[in-house]
Amino acid sequence: MAEGHVKFTEALITDEMLSEVRKFIGTKFRIGHSINNEEATRIAIQKFADGIGDTNPLWTDPEYAAKTRYGTIVARLHGSLASFRVSNTVSGGRRFHSGSTIEFYVPVLRNDTIKPR
């Protein structure tokens, strides 16, 4: 094998495995073990915005944000507050995670606490 190349293990997803996993559609999972940060502090919001290079003053400048309809800074992407790791065990003991949907019904503002479910 050429230097710098990695060969990953190959796996086959069967119809049986997909059928097993489809049973979980719509299921609410326990996620308490996956909470990364449930408080929208100024520092957490700032670090996330800095990390993705987003300089919008709505999430980075408290004085600017105070003059908006929100009255304070807004959490840019709420994934910075909660990390959701969900995987399912299927036939053969294999585990996989194909995606998550996260919905927020109101903006998360500075000093809000969220409770994922």
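Shown above is the structure to which this text applies.
Everything quoted here is computed from the prediction, not taken from an experiment.

Engineer: Hey, could you run me through the overall build of the protein in this one?
Structural biologist: In terms of helices and strands, the protein carries four helices and two strands. When the helices and strands of the protein are read in sequence order from the N terminus, they spell out α-α-α-α-β-β. Looking at the protein as a whole, 23% of its 117 residues are labelled buried. As displayed, the protein offers around 9000 Å² of accessible surface, 50% of which is attributable to carbon and sulfur atoms.

Engineer: Explain the environment of I45 to me, please; I cannot follow it from the model alone.
Structural biologist: Looking at where I45 falls in the secondary structure, it is placed in helix α2 (residues 42–52). What makes I45 buried here is its relative accessible area of 2%. In the structure, I45 is positioned 30 residues away from A75 in sequence and 5.3 Å away in space, judged by C-alpha atoms. Aside from chain neighbours lying at most four places away, what touches I45 is A40, W59, I73, V74, A75, R76 and R110.

Engineer: What exactly am I supposed to notice about the environment of D112 here?
Structural biologist: If you trace the backbone, D112 turns up in the segment after β2 (94–96). Taking relative accessible area as the criterion, D112 reaches 29% and is therefore assigned partly exposed. Sequence-distant contacts of D112, that is, excluding residues within four places in its chain, are made with E38, E39, A40 and P107. A distance of 2.8 Å separates a polar side-chain atom of D112 from the backbone nitrogen of L109.

Engineer: Can you help me understand the nonpolar core in this one?
Structural biologist: Soluble, globular proteins show a tendency: their nonpolar side chains are buried together. Judged by nonpolar contacts, A40, I45, A49, L58, W59, A65, I73, V74, A75, V108 and I114 together constitute the single largest core of eleven residues. When residues of this core are traced back to their parent elements, those giving at least two are α2 and α3 (57–60). In contact with L58, other than residues within four places in its own chain, are Y64, A65, T68, Y70, T72, I73 and V74.

Engineer: Can you help me understand the environment of A65 in this one?
Structural biologist: Topologically, A65 is positioned in helix α4 (residues 62–66). We classify A65 as buried; its relative accessible area is 0%. In this view, A65 contacts P57, L58, G71, T72 and I73; residues no more than four positions away in its chain are not counted.

So, how was this worked out
Residues numbered from 1 in each chain as written. Predicted model: local features only at pLDDT ≥ 70, side-chain atom pairs only at ≥ 80, totals over all residues. Heavy atoms only, no water. Helix = DSSP H or I, 4+ residues; strand = E, 2+ residues; numbered from the N terminus. Buried < 20%, exposed > 50% of the residue type's maximum accessible area, 1.4 Å probe, protein only. Areas by Shrake-Rupley, 256 points an atom, 1.4 Å probe, with all protein chains shown as cover. Contact = heavy atoms within 4.5 Å. Polar contact = N/O pair within 3.5 Å; in protein donor to acceptor, adjacent residues only side chain to side chain. Core = buried A, V, L, I, M, F, W, Y, C linked by side-chain atoms within 4.5 Å.

Bear in mind that shape data such as this cannot, by itself, settle questions of function.
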